[in-house]
Amino acid sequence: MIADVAVETTPEVPLWNDPAQTLTDRVSALIEAMTPEEKIAQLYGVWVGASNEGGDVAPHQHDMEEAVDLDALLPTGLGQLTRPFGTAPVDPALGALSLMRTQARIASENRFGIPALAHEECLAGFAAWGATAYPVPLSWGATFDPDLVRRMAAAIGRDMRAVGIHQGLAPVLDVVRDARWGRVEETIGEDPYLVGTIGTAYVRGLEEAGVVATLKHFVGYSASRAGRNLAPSSVGPRERADVLLPPFEMAVREGGARSVMHAYTDTDGVPAAADEDLLTGLLRDTWGFDGTVVADYFGIAFLKTLHGIAGDWAGAAGAALRAGVDVELPTVKTFGAPLAEAVADGRVPETLIDRALRRVLTQKAVLGLLDADWNPVPSALDGADLDDPDALRGRIDLDGPGNRELARTVAEEAVVLLSNDGTLPLDRPRRIALVGPNAEEPTAVLGCYSFPQHIGVHHPGTPVGIALPTLRDTLAAEFPDTEFTVVHGTGVDDGDVFGIPEAVRAALDADVVVAVLGDRAGLFGRGTSGEGCDVESLALPGAQQQLLDALLDTRKPVVTVLLAGRPYALGRAVAESAAIVQSFFPGEEGTAALAGVLGGRISPTGRLPVSVPRGAGTQPTTYLGARLAHASEVSNIDPTPAFGFGHGLTYTTFDWSDLVVHEKEAPTDGAFSLGLTVRNTGERHGTEVVQLYLHDPVASVVQPVQRLIGYTRVPLAPGEARRVRVEIPADLASFTGRDGHRVVEPGDLELRLAASSTAPLLTATVTLTGPERRVDHTRRLHAVFGLEAAADA
């Protein structure tokens, strides 16, 4: 915390530039000195691109923007710079120089010397040319390892901060409700507790590095009808409160996030960008959030163009400000001249401007951007000759060995072994037929917000900037004595079947077939996964299922490997593949991780963050379904997954035993504690993921059959056993009752200790006693796990 104690200031330094003064006094004095136009200028960004020669940034033009004249804007100031590194390929050192010079110009051209706050995307790493491409968030979820994700986020944040970036637009805390939605790859999974814990860990890492984490998309975006991007959100208040909001609540309360981005969608007719009950009533008044709320790109203008709740740009700006939006992104539109005119004629009170401005300036003050000794030179350029741009080129490495090691560890922990008949790990096969559209595709490991797929595809002549070995490359290194026959077979989504006969011939001549299938990440229909790349069913894209079936017909052992952004129904392969390995866009080190798993150098530890469907048309469904959402005799559609949430195999076996329930009864404000022993009964080191699910058999409102309330990773050597202890507060049994308030009800509960949502291994039946108890956002959020050596170890 920053001490709120005032001291005397010197006359030479304006009060707002003096870090010895209280934040409140500094910001109040600055607001008092500003004109309405100067105030408003702090509430919008301009989308720019850094210069690859180190000169000033240039405004980026987009088909949803009007041209921006920086020369006209800068005398009144500028709130944000949008994506200086993530707009075009630029050498990191020259990009940092360009940003530095632009910040110096911005500060020199406004009366108060205020620089802009610069933000970037960082969904799968810093979205800059040459920066490490980490696994996508769905892979973070597959690790079930919050501490690893925190360390990854801290590394991403350090790289961003070193080149002058202050804010990162991540993590995505949307809970998957329909896997047909294209942005599933950007999410952490289909369970709110997993999303909340992993997402909060990411927030902590980014904030530890001094970068403002931005929670998105608040709230309901992932619950759009039919999985269509930016469609209306069909959720009731209870689903919103119990499924969609908890990850945001956790990240605000425990993660220290300093920014929130509103969602595009409307819920029951109210767009998130104009929802005062959400952005002010819940987020600020109830949860106590005191950071900034930023607009999703063009989201305020959408109040007029898409939602139709405003008749003009000023009306859209006023609606957003009243709701609690502080900053318009990516560029000035409604918060520019239309808002200034609306303030001048009294349609929008200046008090709303001041409210948003106070939040923005407070954040800038905390970041040091108002200090008298603020220096635009980022740490990565300390000691460099800033007058010789050519000498700077190549000076900054955003993909160093430490980054790659972290990326490799995340990718390894995220590989999920779905099935295995004993074929894996491969035992030095003489001939491998490597078949499929992703076998030799370098970018098959990248999500849509990685720089090469997001920006690089628009610059085909520019090198990709990072090493992206194909699976063929890494398998050849893993099996140096094996003969490989590589056949494309079919494209990701071109429907071409003419290469399938060649693939079959290669399979028949091989000892084992590795079929490498999945997605191509892209944007707005340019891929099979990613923003705006929604699908009508969860069948494999194109002719990939036909290719897979033809390979299975050969009766050769087929190892199915998926490099994808969402789960897919695999048809016959569920029962007939020798093994199935799932990897969700695992980043630049992903193919090495996969090769290590296939060869046995790495023992798989990943668990599914989303269920894998048995049928391609059973969406929307997740494991969180109530009883009516499960298979029944009154419908011919069976939504039972092929592989459930939390599922994942290893190369060893585990035995769970000796369950002890220390309290079979506890009051509604109490807790239960349990203990069990987990033993590695196999011959290899392995990691078991102990998952704790709650089943509430009788409740006043319909509940999911079960829901995850805790988990822990248990690494074990062959023969080793560890005692797992867990304390479960009664608060974890809370849900939103009929009156809209969260309650803990008395009654019986089942605490299921499980290897997955479909594999409960030990069950404790316990009882909550006493009166119904109302709880709020201060309730306990976690079961507390502890590991110790087993008594007989």
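Above this note sits the structure.
Given the structure is predicted, the values throughout are model-derived calculations rather than measurements.

Asker: Help me understand the overall build of the protein chain in this model?
Answerer: Looking only at helices and strands, the protein chain features 22 helices and 28 strands. Its C-alpha radius of gyration of 27 Å places the protein chain within 12% of the 28 Å reference for a compact globule of 793 residues. Seen through its C-alpha atoms, the protein chain measures out along the principal axes to roughly 80 × 70 × 50 Å. Long-range contacts, defined as pairs at least 24 residues apart, comprise 78% of the intrachain contacts of the protein chain with a sequence gap of at least 6.

Asker: Is there a simple way to think about the sheet that holds strand 4 (residues 117-120) in this case?
Answerer: Sheets are built from strands that pair by backbone hydrogen bonding, the pairs being arranged parallel or antiparallel. Across the sheet, 8 strands lie side by side as 2-1-3-4-5-6-7-10; this open sheet has mixed pairing. Sheet topology places strand 2 (58-59) and strand 10 (292-294) at the edges, where each strand pairs with a single neighbour. Bridge count between strand 7 (residues 259-262) and strand 10: 3 bridges; the pairing is parallel. Looking at strand 10, one finds that V260 is bridged to V293. Packed on one face of the sheet, helix 7 (residues 192-208) meets strand 5 (167-168) and strand 6 (212-218) and runs near 150 degrees to strand 6. Each of strand 4, strand 6 and strand 10 is contacted by helix 14 (residues 350-366), which is oriented at about 110 degrees to strand 10, the strand it contacts most.

Asker: Help me understand the pairing of strand 19 (residues 671-680) in this model?
Answerer: Remark: a regular strand shows side chains that alternate across the two faces of the sheet. Across the 10 residues that make up strand 19, a large majority, 8, are buried. In terms of strand pairing, strand 17 (residues 654-661) meets strand 19 through 6 bridges, oriented antiparallel. Pairing of V660 across the sheet is with G675, part of strand 19. When strand 19 meets strand 22 (residues 721-729), the two strands line up antiparallel, connected through 9 bridges. Bridging from a neighbouring strand, R679 pairs with A721 of strand 22.

Asker: Would you explain the environment of A127 in this entry?
Answerer: Mapped onto the elements, A127 comes out in the loop between strand 4 and helix 5 (137-143). Remark: the alpha-carbon pair of A127 and F85, spanning 42 residues in sequence, is separated by 7.3 Å.

Asker: Help me understand the sheet that holds strand 13 (residues 483-487), please; the structure alone is not making it clear to me.
Answerer: Within the open sheet, the 6 strands sit side by side as 11-16-15-14-12-13. Their pairing is mixed. Unpaired on one side and paired on the other, strand 11 (416-420) and strand 13 mark the two borders of the sheet. For this sheet, the mean angle separating the axes of adjacent strands, direction not counted, is 15 degrees. In the sheet, strand 11 pairs with strand 16 (residues 579-584) via 4 bridges, with the strands oriented antiparallel. By the bridge assignment for strand 16, L417 is matched with V581. The strands that helix 19 (residues 500-508) touches are strand 12 (431-435), strand 13 and strand 14 (512-518); relative to strand 13, the one it contacts most, it runs at about 165 degrees. Sitting on the sheet, helix 22 (residues 590-599) touches strand 14, strand 15 (558-564) and strand 16, and the angle it makes with strand 15 is about 160 degrees.

Asker: Would you mind showing me how to read the environment of R101 here?
Answerer: Following the sequence through the fold, R101 ends up in helix 4 (residues 92-109). Considered as a pair, R101 and T490 are 389 residues apart in the sequence and their alpha carbons are 49 Å apart. For R101, the residues in contact, after removing those within four places along its chain, are G54, G55, D56, L386, D387 and P389. For R101, the side chain forms a polar contact with the main-chain oxygen of L386, separated by 3.0 Å.

Asker: For this particular structure, what's the right way to read the environment of L563?
Answerer: In this fold, L563 is placed in strand 15. In this structure L563 comes out as buried when scored by relative accessible area, which is 1%. Apart from the residues within four sequence positions on either side, L563 is in contact with N438, A444, V445, V516, L517, G518, D519, S583, F585, P586 and L594.

Asker: What is the right way to read the pattern of salt bridges from this model?
Answerer: Think of it this way: side chains of opposite charge can pair up when their charged atoms draw near. By the definition in use, this model includes 39 salt bridges. Put simply, E120 and R83 hold a salt bridge, and the shortest N to O gap is 3.5 Å. One end of the pair, E120, is in strand 4; the other, R83, is in the loop between strand 3 (80-82) and helix 4, with 37 residues separating them in the sequence. Each of the two residues, E120 as well as R83, counts as buried. Taken together, the shared-partner salt bridges in this structure form one network comprising D56, D71, R105 and E109.

Asker: I'm lost on helix 12 (residues 313-323) in this one. Help?
Answerer: Counting along an α-helix, one turn takes 3.6 residues, and residues three or four places apart therefore face a common direction. For helix 12, a buried count of 8 out of 11 residues is recorded, marking the element as mostly surrounded by other parts of the structure. Listing the buried residues of helix 12 in full gives A314, A316, A317, G318, A319, A320, L321 and A323. Considering only its buried residues, helix 12 is in contact with helix 10 (276-286), helix 11 (302-305), helix 13 (337-344) and helix 14. Just beyond helix 12, the residue with positive phi is G324, at close to 130 degrees.

Asker: Just to check I follow, could you spell out the packing of aromatic side chains for this structure?
Answerer: Two numbers describe a pair of aromatic rings. These are the distance of the centres and the angle of the planes. The full count for this structure, using the stated rule, is 15 aromatic pairs. Ring centres of W140 and Y202 lie 4.6 Å apart, and the angle between their planes is 10 degrees; on these two criteria the pair is classed as stacked. One end of the pair, W140, is in helix 5; the other, Y202, is in helix 7, and 62 residues separate them in sequence. Each member of the pair, W140 together with Y202, is buried. An angle of 50 degrees between the planes, with centres 6.1 Å apart, marks the rings of F144 and F645 as tilted. You can see F144 sitting in the loop between helix 5 and helix 6 (146-162) and its partner F645 sitting in the loop between helix 22 and strand 17, a full 501 residues away along the chain.

Asker: Looking at this structure, I do not really get unusual backbone geometry. What am I missing?
Answerer: If a residue is not glycine, its phi is most likely negative; likewise, a peptide bond is most likely trans. Residue K216 is joined to H217 through a cis peptide bond whose omega torsion reads 5 degrees. Tracing the backbone through its elements, the reader meets H217 in strand 6. Phi angles above zero are rare outside glycine, and L230 is one such case at about 65 degrees. Locating L230 in the fold gives a position in the loop between strand 6 and helix 8 (237-244). Positive phi, normally seen in glycine, also occurs at R428, with a value near 45 degrees. The topology assignment puts R428 in the loop between strand 11 and strand 12.

Asker: Which parts of the structure should I look at to understand the side chain of T331?
Answerer: Mapped onto the elements, T331 comes out in the loop between helix 12 and helix 13. The contact partners of T331, leaving out residues within four places of it in the chain, are G45, V46, W47, E65 and V68.

Asker: Could you clarify how one ought to interpret the packing of helix 12 against helix 14 in this entry?
Answerer: Axes are the key here: two packed helices are described by the angle between their axes and the distance separating the axes. Here helix 12 crosses helix 14 at 55 degrees, and the two axes come no closer than 10 Å. In terms of orientation, helix 12 lies oblique with respect to helix 14. As for the relative orientation of helix 12 and helix 14, their crossing is left-handed in sense. Each of L321, R322 and A323 in helix 12 lies in contact with helix 14, whose residues at this interface are L352, I353, R355 and A356. Of the residues assigned to the contact of helix 12 with helix 14, the class counts are 5 nonpolar, no polar and 2 charged.

Reading the values: the criteria
Residues numbered from 1 in each chain as written. Predicted model: local features only at pLDDT ≥ 70, side-chain atom pairs only at ≥ 80, totals over all residues. Heavy atoms only, no water. Helix = DSSP H or I, 4+ residues; strand = E, 2+ residues; numbered from the N terminus. Rg over C-alpha atoms; globule rule 2.2 N^0.38 Å. Contact = heavy atoms within 4.5 Å. Pairing = 2+ DSSP bridges. Axes fitted to C-alpha atoms, helices over the stretch in contact; angles between N-to-C directions. Buried < 20%, exposed > 50% of the residue type's maximum accessible area, 1.4 Å probe, protein only. Polar contact = N/O pair within 3.5 Å; in protein donor to acceptor, adjacent residues only side chain to side chain. Salt bridge = Lys/Arg side-chain N within 4 Å of Asp/Glu carboxyl O. Phe/Tyr/Trp six-rings, centres within 6.5 Å; stacked < 30°, edge-to-face > 60°. Parallel < 35°, antiparallel > 145°, perpendicular 65-115°, else oblique. Left-handed = near helix turned anticlockwise from the far one by under 90°. Nonpolar A, V, L, I, M, F, W, Y, C, P; charged D, E, K, R; others polar.

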